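Summary of the model geometry
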Amino acid sequence: MLTVFDDIPARDRVIVALDCGIEEAFDLADQLQGKATWMKVGMTLFYANGPAIVYALKERGFKVFLDLKFHDIPHQVEGAAYSAAASGADMLTMHTVGGVDMMRAAQAGAVAASEEYGYDTPATLGITVLTSMNDAALAETGVSRAMADQVVVLAEQAKRAGISGVVASPQEASRLREILGPEAYIVTPGVRPAGSDKGDQSRVATPKQAFENGASHIVVGRPITQATDPAAAFEAIVADL
């Protein structure tokens, strides 16, 4: 299925995950400045530095995927999404298992902040099932559905809530693209170049496979950030795409 993302250059659809300390994050950002468009700030980096890390990356010209995975009552999540959008984040996340009302509240908070501060409304993404989980881990949480079916159920709830899209493994992206349509964001972690160590990821694919499966954006961390030459590793992924 064709998507609205197909005409966007590949390098603008690769998100580099800065799951590290601030000094290393700035060093990586400096090496990738002018090459990468997106940086992902997760819990490790944000909890240590707060919104200042978002400001610093935005000043360097990057778009920021603020991946804090909100999961709380709707009132709290609305406030969290407002604060995330107020920081200038371009993309933010919440757990879909928080429910439709919670996701709607997150969307409302993001819209309110973007209108107040004059920013574009960030893409709002629902986490389906973490890419570190396999079928056995999912079953241990009490979910009796097969992995792929659980991802679909949660993605359909995200669609009902009116958020921008979902985060899912590249293995589920094709089915989700059919369900969510050509304009939905489908952001896929668990992306590893051929021959790379899977680390703690269970449901993985190569960058090329992820895009062919319908991903709008891919998240790549350690294969770039732990490479001897992160800029060269990033360019190699882009060239393969």
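Within each chain, residue numbers correspond to sequence positions counted from 1 in written order. Local features are withheld for residues below a pLDDT of 70 in this predicted model, meaning they are given only at 70 or higher, and side-chain atom pairs are given and counted only at 80 or more; totals for whole chains, interfaces and linings count all residues. For side-chain calculations, the full set of non-hydrogen atoms in the structure is used, while hydrogens and water are omitted.

The rule is simple: put a 1 Å grid over the protein atoms alone, call a set of points where a 1.4 Å probe fits but cannot get out a cavity, call an open set with protein on both sides within 12 Å along at least five of seven lines a pocket, and count a residue as lining if it has an atom within 4 Å of a point. Grid points are joined across faces, edges and corners, and a volume is the space filled by probe spheres set on the points. A volume near 210 Å³ is recorded for the second largest pocket. If you trace the second largest pocket, you find 14 residues lining it, with Trp-38, Lys-63, Asp-90, Tyr-185 and His-217 closest to the centre. Within the lining of the second largest pocket, the residues separate by chemical class into 7 nonpolar, 3 polar and 4 charged. Throughout, the ten residues Ala, Val, Leu, Ile, Met, Phe, Trp, Tyr, Cys and Pro are labelled nonpolar, Asp, Glu, Lys and Arg are labelled charged, and all others, Gly among them, are labelled polar.

Each pair of aromatic rings taken from Phe, Tyr and Trp, with Trp reduced to its six-membered ring, is defined by centres within 6.5 Å and is described as stacked if the planes are under 30 degrees apart, edge-to-face if over 60, and tilted in the remaining cases. Evaluated as defined, the whole model comprises 3 aromatic pairs. Where Tyr-117 meets Tyr-119, the ring centres are 6.2 Å apart and the plane angle is 15°; that geometry is what we call stacked. Tyr-117 gets classed as partly exposed once you look at its relative accessible area, which sits at 42%. The rings of Tyr-82, Tyr-117 and Tyr-119 are connected pair by pair, giving a single aromatic cluster. Charges are assigned to positions over rings by a cutoff of 6 Å between ring centre and Lys NZ or Arg CZ, combined with an angular limit of 35 degrees from the ring normal. We note Arg-13 situated over the ring of Phe-211; from NZ or CZ to the ring centre the distance is 4.1 Å. Lying over the aromatic face of Phe-26, Arg-60 brings its terminal NZ or CZ to 4.4 Å of the ring centre. Working definition: with a 1.4 Å probe on protein chains only, accessible area under 20% of the residue-type maximum means buried, over 50% means exposed, and in between means partly exposed.

Okay, helix 4 (residues 74-86) next. Only DSSP runs of H or I reaching four residues or more are called helices, and only runs of E reaching two or more are called strands; each is numbered from the N terminus. Multiplying one less than the number of residues by 1.5 Å gives the expected span of a helix. The terminal C-alpha atoms of helix 4 lie 18 Å apart, and with 13 residues this matches the ideal 18 Å at 1.5 Å per residue to within 8%. Backbone geometry just after helix 4 places Gly-88 at a positive phi near 100°.

On to helix 7 (residues 147-161). Over its 15 residues, helix 7 runs 21 Å from end to end, which matches the ideal 21 Å to within 8%, given 1.5 Å per residue. Residues of helix 7 that are buried include every one of Met-147, Gln-150, Val-151, Val-152, Leu-154, Ala-155, Ala-158 and Ala-161, and no others. Buried residues along helix 7 sit against helix 5 (100-117), helix 6 (135-140), strand 6 (165-167) and helix 8 (173-180). Two residues or fewer after helix 7 comes Gly-162, characterised by a positive phi angle close to 85°. A contact between two residues is defined here by any heavy atoms of the two lying within 4.5 Å.

A few words on the nonpolar core. It is characteristic of soluble globular proteins that their nonpolar side chains tend to be buried jointly. We call a set of buried residues a nonpolar core when its members are Ala, Val, Leu, Ile, Met, Phe, Trp, Tyr or Cys and they connect through side-chain atoms within 4.5 Å of each other. The biggest cluster of nonpolar side chains holds 65 residues, and the ones touching the most others in it are Leu-18, Leu-57 and Leu-176. In terms of residues, this core owes the most to one element, helix 7, which gives 7 residues. Residues within four places of Leu-18 in sequence aside, it is in contact with Ala-25, Leu-28, Met-39, Lys-40, Leu-45 and Leu-57. One finds Ile-15, Trp-38, Met-91 and Val-167 within the second-largest nonpolar core, a separate group that totals 11 residues.

Spatially, the 8 strands close up into a barrel ordered 1-2-3-4-5-6-7-8, and their pairing is parallel. Strand-to-strand, the axes of this sheet are offset by a mean angle of 25°, without reference to chain direction. Any two strands are treated as partners once DSSP identifies two or more bridges connecting them. As paired strands, strand 6 and strand 7 (residues 185-188) are joined by 3 bridges and run parallel to one another. Pairing of Val-167 across the sheet is with Val-187, part of strand 7. The convention used is that axes are lines fitted to C-alpha atoms, helices contributing only their stretch in contact, and that angles between N-to-C directions extend from 0 to 180 degrees.

With that out of the way, let us pick up unusual backbone geometry. The backbone phi angle of Lys-69 is positive, close to 50°, even though this residue is not glycine. Since its relative accessible area comes to 22%, Lys-69 is described here as partly exposed.

A separate point is the packing of helix 4 against helix 5. Between helix 4 and helix 5, the shortest axis-to-axis distance is 7 Å and the interhelical angle comes to 35°. Remark: the crossing between helix 4 and helix 5 carries right-handed chirality. Between helix 4 and helix 5, the residues in contact are Pro-74, Val-77, Glu-78, Ala-81, Tyr-82, Ala-85 and Ala-86 and Asp-101, Met-102, Ala-105, Ala-106, Ala-108, Gly-109, Ala-110, Ala-112, Ala-113, Glu-116 and Tyr-117, respectively. In the contact of helix 4 with helix 5, the residues fall into 14 nonpolar, 1 polar and 3 charged. By the definition used in this description, the sense in which the near helix is turned from the far one sets the handedness, with an anticlockwise turn below a right angle giving left-handed and a clockwise turn giving right-handed.

Look down the strands so they point away from you; if the path from the first strand over the helix to the second goes clockwise, the crossover is right-handed. For the crossover that starts at strand 6, traverses helix 8 and ends in the parallel strand 7, the hand is right-handed. Relative to strand 8 (residues 217-220), strand 7 runs parallel, the two sharing 2 bridges. Along strand 8, the bridge assignment pairs Thr-188 with Ile-218.

A separate point is the environment of Ile-224. As for its position among the elements, Ile-224 is in helix 10 (residues 222-225). It is 13 Å that separates the C-alpha atoms of Ile-224 and Trp-38, two residues lying 186 residues apart in sequence. Here Ile-224 is in contact with Val-16, Leu-32, Pro-230, Ala-233, Phe-234 and Ile-237, once residues within four sequence places are set aside.

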